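A closer look at the structure
So you can see what is in the structure, the chains are spelled out below.
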Amino acid sequence: MIQALVRLHPEVQRAIEHRLPVVALESSVLAQGLPIPANREADARTRGAVRQLGAIPAVTALVRGVPTIGLEDVDLERFLARTGIAKVSARDLPWAMATGADGATTVAASLALCTAAGLPVFATGGIGGVHRDAPYDESADLPELGRSPVITVCAGAKSILDLPATLERLETLGVTVIGYRTDEFPGFFTPRTGLKVPAVAESAAQIAAAYRAARALGRPSGVLVVQPPPAAAALDADLVESAVAHALESARAAGVRGAAVTPFLLAAVERETGGRSLATNLALLEANAGLAAEIAVALH
Ligand code: PSU
Ligand code: MN
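For every chain, the first residue of the written sequence is number 1, and numbering continues from 1 along that sequence. Labels are handed out in written order, letters beginning with A for the chains and numbers beginning with 1 for the ligands. Confidence filtering applies because this is a predicted model: local features only for residues at pLDDT of at least 70, side-chain atom pairs given and counted only at 80 or more, and all residues used for totals across whole chains, interfaces and linings. Think of the side-chain values as coming from all heavy atoms in the structure, minus any hydrogens and water.

Glancing now at the packing of helix α3 (residues 38–52) against helix α12 (residues 276–299). Lines fitted to C-alpha atoms define the axes, with helix axes restricted to the stretch in contact, and inter-axis angles between N-to-C directions lie between 0 and 180 degrees. Labels follow the DSSP assignment, with helices taken as runs of H or I lasting at least four residues and strands as runs of E lasting at least two, numbered in each case from the N terminus. For the pair α3 and α12, the least separation of the axes is 7 Å and the interaxial angle reads 25°. Regarding the angle of α3 to α12, the classification is roughly parallel. Along this stretch, α3 crosses α12, giving a crossing that reads as right-handed. For the pair formed by α3 and α12, the contact residues are Ala38, Glu41, Ala42, Arg45, Thr46, Ala49 and Val50 on the first element and Leu278, Leu282, Ala283, Leu285, Glu286, Ala289, Gly290 and Ala293 on the second. Angles are sorted into four bins: roughly parallel if under 35 degrees, roughly antiparallel if over 145, roughly perpendicular if 65 to 115, and oblique for all others. By convention the crossing between two helices is left-handed if the near helix lies anticlockwise of the far one by an angle smaller than a right angle, and right-handed if it lies clockwise. For this analysis, residues touch if any pair of their heavy atoms sits within 4.5 Å.

Put into structure tokens, the structure is as follows:
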């Protein structure tokens, strides 16, 4: 039997009823993007940051085929253990529901669940985008950002991607991109990419105002908020570039394709940077979750 509605954790349900701020978080970063035990640390730090800044955290996933926002502890443990957890992007949702699969939701699939449940604020590390040297590999994150009325907070798109092309595609898709206290589109591991963002916000209230404007106009899309990784954890652009070049070479040699590309490249970059990219990833996930909570509070 397919359950049509999104299952909400009781705490999330209560928060919505009482109009308290909620921040949705993705689960693909826990089950595919980060290794064990860093994924557990990421989960604790992101949820902790959301609570500290006054909102309720809610991890999105497919739990035995049921679209879920706010995982029960026992389910979360299965996702952190990673075995038998599929990576679920937007296209994968119906089949995963029909077959009762456990699925970790990417940005694209998380946005679909947020839209179905009417949740306006979502945080992640970095969005997917246009891949380098792969003309037709573009993450489903981009079109879903264009049709989901959700504020997504991230540190830009991952450095493994073609960032200028990703920013162009965001414009084509009508996604409002706002730099939070930065005029540059960050490169996930690195703060600077030389790519300018079209708008700079100094406060969470300004972002909330832009979101309300999009809703007032009946736009289908949301707002993409980008902030650089925390300075103390950011990596040098040259180090990242050479790590990415090596990672892309190994991906080519291994013939990696499709959904496996992003997890493969992230793991390769981690090896190439001697594990330093992992610390960056954790720090920016926490910072993004915190900013998302501030925005969720400002929306209320
Ligand atoms: N950022 C990370 N680790 C990840 C991802 C992003 O640091 O694992 C995931 C997100 O869930 C994102 C997905 O939506 O990678 C993009 O995958 P693809 O390129 O296959 O769409
Ligand atoms: Mn892809």
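Having seen the model, we can carry on.
Expected span, for any helix, means 1.5 Å times one less than how many residues it has. Given a rise of 1.5 Å per residue, 18 residues ought to cover 26 Å, and the 25 Å separating the end C-alpha atoms of helix α10 (residues 237–254) matches this to within 8%. For α10, the complete set of buried residues consists of Val240, Ala243, Val244, Ala247, Leu248 and Ala251. Taken around the axis of α10, the buried residues stretch over an arc of 140°, which confines them to a single face. Within α10, the exposed residues directed more than 90 degrees away from the buried face are Asp238, Arg252 and Ala253. Check the buried side of α10 and you find it contacts α11 (261–272). A positive phi of about 65° marks Gly255, the residue just after α10. The buried label applies to any residue whose accessible area, calculated with a 1.4 Å probe on protein chains only, is under 20% of its type's maximum; exposed applies above 50%, and partly exposed to all values in between. To be clear, the arc concerns the directions from the helix axis to the C-beta atoms.

What makes a residue near a molecule or strand is one non-hydrogen atom of that residue sitting within 4 Å of it. Neighbouring residues of ligand 1: 16 residues in total, closest Glu26, Lys87, Ser139, Asp141 and Thr262. Counted as a polar contact is a pair of N or O atoms within 3.5 Å, where, for protein atoms, one must be capable of donating a hydrogen and the other of accepting one, and residues adjacent in sequence contribute only when both atoms are in side chains. Measuring from an oxygen atom of ligand 1, one finds a side-chain N or O atom of Asn281 at 3.2 Å. Areas reported as accessible are Shrake-Rupley estimates using a 1.4 Å probe. Residue values count occlusion only from the protein chains shown. For ligand 1, whose free accessible area comes to 480 Å², the fraction covered by protein is 95%. Looking at the shell around ligand 1, the elements with two or more residues in it are α2 (28–33) and α11. Here the shell around ligand 1 gets three residues from one element, more than from any other, and that element is α2. The nonpolar class holds Ala, Val, Leu, Ile, Met, Phe, Trp, Tyr, Cys and Pro. Asp, Glu, Lys and Arg form the charged class, and all remaining residues, Gly among them, are polar. The residue inventory of the shell around ligand 1, partitioned by class, reads four nonpolar, eight polar and four charged.

With that out of the way, let us pick up unusual backbone geometry. Across the junction of Ile36 and Pro37, the peptide omega takes the value 5°, indicating a cis bond. In this structure, Pro37 sits in the loop between α2 and α3. If you check the backbone angles, Arg19 has positive phi at about 55° while not being a glycine. Position of Arg19 relative to the elements: it lies in the loop between α1 (10–17) and β2 (22–25). Arg19 gets classed as exposed once you look at its relative accessible area, which sits at 66%. Of note in this structure, Arg181 is not a glycine but carries a positive phi near 55°. In this structure, Arg181 sits in the loop between β9 (176–180) and β10 (200–201).

Function-wise, these values are silent; they only describe arrangement.
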